[in-house]
Amino acid sequence: MTEALTIRNVTLGEGKPSICIPLTSSNKAALMEEVERYQQEGADVVEWRADIFEEVENHTAVEQMLKDLTAVLKGIPLIFTFRSHQEGGEKKISKADYIALNQFVIQTGLADLVDVELYQGEDAVKNLISAAHQQHTYVIVSNHDFQKTPPKSEIVRRLKWAEELGGDILKIAVMPNQTADVLELLTATNEMKEYTTKPMITMAMGPLGVISRLSGQVFGSVLTFGAGERTSAPGQVPVQELRQVLEVIEKSMDVS
């Protein structure tokens, strides 16, 4: 059984999945417009996709942006994510710069959660997790495959590895090329509940995978990403529609 994880005013792992809206603008003015809108819309969690930010290599600008975002969010948890180019991100930077950026953000203490990619190197991931925990920051250890869906056993292996490295939340996103791939992802998520009590975020991307973004309460994914200003990954559902479907599923599951 998943052990619920409470971050500020949001509890992951109880009831229907929480909804995260990604901030996907490239400059400060547009980001502030986005975050104010999502705060008013009642986002459960907000993710800043910093790889899209035009000043991301300027640490001072990143810190100021984090301060401005958290001031507007007023307690809504914020995820800091620099998605690497090899895992679908917008910008190419070196592994050393990726590590340095995340280390800097962790040290500011301004992000509630930091997304750290599983394949950035075992030592690097462990060191970032250790630094985050010293700052009372939670870590999502993630993996994204935009080409295919690995076999169920491989999905489970990667999620187990993310837990072994010390991740607080285990995340995997895959690309289905046929309906059976979506079933592979959902089956792996359900099976993984036998091996971990850590919260998981799993999804199949693209049109085929939409059901995986809606069925977390059934299979064990605690957070789903809704489309905000633009999608940060293929297959994201507009937030209001997503919320309505999740509520219908929750009510249906409560019927005895």
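No experiment lies behind these values; they were computed from the predicted model shown.

Draft legend 1. Region of interest: the overall build of the protein. The secondary structure content of the protein amounts to 9 helices and 11 strands. Expected size for 256 residues packed as a compact globule is a radius of gyration near 18 Å; at 17 Å, the protein falls within 12% of this value. Considered along the principal axes of its C-alpha atoms, the protein spans approximately 50 × 40 × 30 Å. Of the contacts formed within the protein by residues at least 6 apart in sequence, a portion of 74% connects residues at least 24 apart. Summing over all exposed atoms, the protein offers an accessible surface of approximately 11000 Å²; the carbon and sulfur share of this is 48%.

Draft legend 2. Region of the structure containing the environment of I79. Here I79 lies in strand β5 (residues 78–81). When its relative accessible area of 1% is taken as the criterion, I79 is described as buried. Setting aside its immediate chain neighbours within four residues, I79 contacts C20, V45, V46, E47, W48, L113, D115, I140 and L223.

Draft legend 3. Structural context of the side chain of S221. Among the secondary structure elements, S221 is positioned in the loop between α8 (216–219) and β10 (223–227). A distance of 3.0 Å separates a polar side-chain atom of S221 from the backbone nitrogen of T202. In this structure S221 touches P17, T189, M200, I201, T202 and G216, once residues within four positions along its chain are discounted.

Draft legend 4. Quick look at the UniProt feature "binding site: 3-dehydroquinate" (unreviewed entry) in the protein. Mapped onto the present numbering, the UniProt feature "binding site: 3-dehydroquinate" (unreviewed entry) falls at E47, W48, R49, R83, R213, S232 and Q236. Take R49: it is sitting in strand β4 (residues 45–49).

Draft legend 5. The packing of aromatic side chains, seen in detail. Applying the stated criterion across every chain, the model contains 4 aromatic pairs. Taken together, a centroid distance of 5.3 Å and an interplanar angle of 65° make the contact between W48 and F53 edge-to-face. By relative accessible area, which is 0% here, W48 ends up buried. Looking at F53, the relative accessible area reads 2%, which means it is buried.

Draft legend 6. Spatial organisation of helix α5 (residues 152–164). Taking 1.5 Å per residue as the helical rise, α5 with its 13 residues ought to reach 18 Å, and the 18 Å between its terminal C-alpha atoms agrees with that figure. Of the positions making up α5, those classed as buried are I155, V156, R158, L159, W161 and A162. Lining the buried residues of α5 we find α4 (122–134), β7 (138–145), β8 (169–174), α6 (179–192) and β9 (200–204). Taken from the residues just after α5, G166 is the one with a positive phi, measuring 110°.

Reading the values: the criteria
- Residues numbered from 1 in each chain as written.
- Predicted model: local features only at pLDDT ≥ 70, side-chain atom pairs only at ≥ 80, totals over all residues.
- Heavy atoms only, no water.
- Helix = DSSP H or I, 4+ residues; strand = E, 2+ residues; numbered from the N terminus.
- Rg over C-alpha atoms; globule rule 2.2 N^0.38 Å.
- Contact = heavy atoms within 4.5 Å.
- Areas by Shrake-Rupley, 256 points an atom, 1.4 Å probe, with all protein chains shown as cover.
- Buried < 20%, exposed > 50% of the residue type's maximum accessible area, 1.4 Å probe, protein only.
- Polar contact = N/O pair within 3.5 Å; in protein donor to acceptor, adjacent residues only side chain to side chain.
- UniProt positions renumbered as here; feature names shortened; annotations may be inferred.
- Phe/Tyr/Trp six-rings, centres within 6.5 Å; stacked < 30°, edge-to-face > 60°.
- Expected span 1.5 Å × (residues − 1).

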